[in-house]
Amino acid sequence: MAAELATDPEQAYQYAQAARKVAARIGVVREVTGIAAYRAGRWAEALAELRAARRLTGRGEYLPLMADSERALGRLDRALELVHSDEAKRLPRAAQIELRIVESGIRRDQGLADAAVLALQVPELSDGRLRPWSARLFYAYGEALLAAGRPEAAREAFSRAVVADEEEETDALARLDELDGISVEDLEEEDWDDIEDSADEEFDESDDDDEIEVDEDEVEVEVEEDEEGDDEVEGDLDDEEGSGDDEDDDEYFDDEDDQYEDDDDEDEDDA
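What counts and what doesn't
- Residues numbered from 1 in each chain as written.
- Predicted model: local features only at pLDDT ≥ 70, side-chain atom pairs only at ≥ 80, totals over all residues.
- Heavy atoms only, no water.
- Helix = DSSP H or I, 4+ residues; strand = E, 2+ residues; numbered from the N terminus.
- Buried < 20%, exposed > 50% of the residue type's maximum accessible area, 1.4 Å probe, protein only.
- Contact = heavy atoms within 4.5 Å.
- Areas by Shrake-Rupley, 256 points an atom, 1.4 Å probe, with all protein chains shown as cover.
- Axes fitted to C-alpha atoms, helices over the stretch in contact; angles between N-to-C directions.
- Parallel < 35°, antiparallel > 145°, perpendicular 65-115°, else oblique.
- Nonpolar A, V, L, I, M, F, W, Y, C, P; charged D, E, K, R; others polar.
- Left-handed = near helix turned anticlockwise from the far one by under 90°.
- Expected span 1.5 Å × (residues − 1).
- Core = buried A, V, L, I, M, F, W, Y, C linked by side-chain atoms within 4.5 Å.

S.K.: Can you walk me through the overall build of the chain in this structure?
M.R.: Counting its regular elements, the chain contains 15 helices and zero strands. Here the chain holds 271 residues, and 30% of them are scored as buried. In the chain, of all internal contacts separated by at least 6 residues, the share reaching a separation of at least 24 is 50%. Put simply, the chain shows about 18,400 Å² of open surface, and 45% of that area lies on carbon and sulfur atoms.

So this is what it looks like as structure tokens:
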């Protein structure tokens, strides 16, 4: 189970090897070990494990992986024997499509580009339905068309692969960009140019916001109003300082002086 969940192919292979040491006579263990070896690029080991799994389980769904392993080892004739075997004809449709994909790759290795295209011209290529393996079928068809010198048709096939490839099992989008003449470096430069342009636009907009139109007539009117207001304040202050309160203060002090004089006279009489 850990071998199936591991995202690193080499780590998955190590987990599978550990399970094989414990239960080498269980078919599913040999199956998982063979698949892990295939994903890790260990073609000969993958073949041995998948053959053992087929003997133990009686299942032939491993034939596409076995045929592709034979192809990777350069044994194209053996790979084709598996593709066209009687056992292959009894497989479920999904496994048969996988064998077609392997066969198309074998024909390309043989330099037979048109045969590679023909191997993939199945009804599922154009019936408008999407299946779990549709992305791989469209992708392989695009590769075959490209090898056959038909870039426009290949571009359409890769576009269909992009739409069908929700799990991103293929690099169809990258292949599509290559056909359109777009590279990663171009995309990075384009993104940087967009950033610079947007920064310039923001700077220009900020300059526009900072520019405030000033009406000189309104400023003069406001200044005059402020001056008049200041004059009024000063006048009020003068009025307050020049009010009749001073007279009351003088009378208060005169009364106090008279009181002091009367007190002095009384003191002299007492003496």
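Next comes the rest of the write-up.
S.K.: What is the right way to read the packing of helix α5 (residues 63–72) against helix α8 (residues 93–109) from this model?
M.R.: Remark: α5 packs on α8, axes separated minimally by 9 Å, with the N-to-C direction vectors making an angle of 10°. In terms of orientation, α5 and α8 fall into the roughly parallel class. In this structure, α5 uses L63, P64, A67, D68 and R71 to contact α8, whose residues at the interface are A95, E98, L99, V102, G105, I106, R108 and D109. Along the lines of polarity and charge, the residues of the contact of α5 with α8 split into seven nonpolar, one polar and five charged.

S.K.: What is the right way to look at the environment of L118 in this model?
M.R.: Relative to the elements of secondary structure, L118 occurs in helix α9 (residues 113–119). Once the C-alpha coordinates of L118 and R100 are considered, the two residues, 18 residues apart in sequence, prove to be 9.8 Å apart.

S.K.: Is there a simple way to explain the packing of helix α2 (residues 9–22) against helix α3 (residues 27–39) in this structure?
M.R.: Helices that pack against each other are described as a pair by the angle of their axes relative to one another and the distance between those axes. The geometry of α2 relative to α3 is characterised by a closest axis approach of 8 Å and an angle of 155° between their N-to-C directions. With respect to α3, the axis of α2 lies roughly antiparallel. You can see that α2 and α3 cross each other, and the crossing is left-handed. Residues P9, A12, Y13, A16, Q17, A19 and R20 of α2 form the contact with α3, whose participating residues are V29, R30, V32, T33, A36, A37 and R39. Its residues assigned to classes, the contact of α2 with α3 shows nine nonpolar, two polar and three charged.

S.K.: Help me understand the side chain of R30, please; the structure alone is not making it clear to me.
M.R.: For R30, the position within the fold is in helix α3. Classification of R30 by relative accessible area gives buried; the value is 13%. Setting aside residues up to four positions removed in sequence, R30 forms contacts with R20, A24, E49, A52, A53 and L56.

S.K.: What is the right way to look at helix α10 (residues 134–147) in this model?
M.R.: Here α10 spans 20 Å end to end across 14 residues, near enough to the 20 Å set by a 1.5 Å rise per residue. Most of α10 sits inside the fold, with eleven of its 14 residues counted as buried. For α10, every residue scored as buried is listed here: S134, A135, L137, F138, Y139, A140, Y141, G142, E143, A144 and L145. Tucked inside the fold, the buried residues of α10 contact α8, α9, α11 (151–164) and α12 (172–179). After α10 finishes, the residue G149 shows a positive phi value of roughly 75°.

S.K.: What exactly am I supposed to notice about the environment of P132 here?
M.R.: Tracing the sequence through the fold places P132 in the loop between α9 and α10. With relative accessibility at 71%, the residue P132 sits in the exposed group. Along the sequence, P132 and A164 sit 32 residues apart, while their C-alpha atoms lie 8.4 Å from each other.

S.K.: Sorry, what's going on with the nonpolar core here?
M.R.: As a rule of thumb, nonpolar side chains are buried together in soluble globular proteins. Counting residues in each nonpolar core, the largest one holds 23 residues, and the members touching the most others are I97, L120, L125, L137, Y141 and L145. Secondary structure elements with two or more residues in this core: α8, α9, α10, α11 and α12. The biggest single contributor to this core is α10, with eight residues. Here L145 is in contact with V117, R150, A153, A154 and A157, once residues within four sequence places are set aside. Counting 18 residues, the second-largest nonpolar core is a separate cluster that includes L47, L76, A79 and V102.

Honestly, that's just the spatial picture; any functional story needs more than this.
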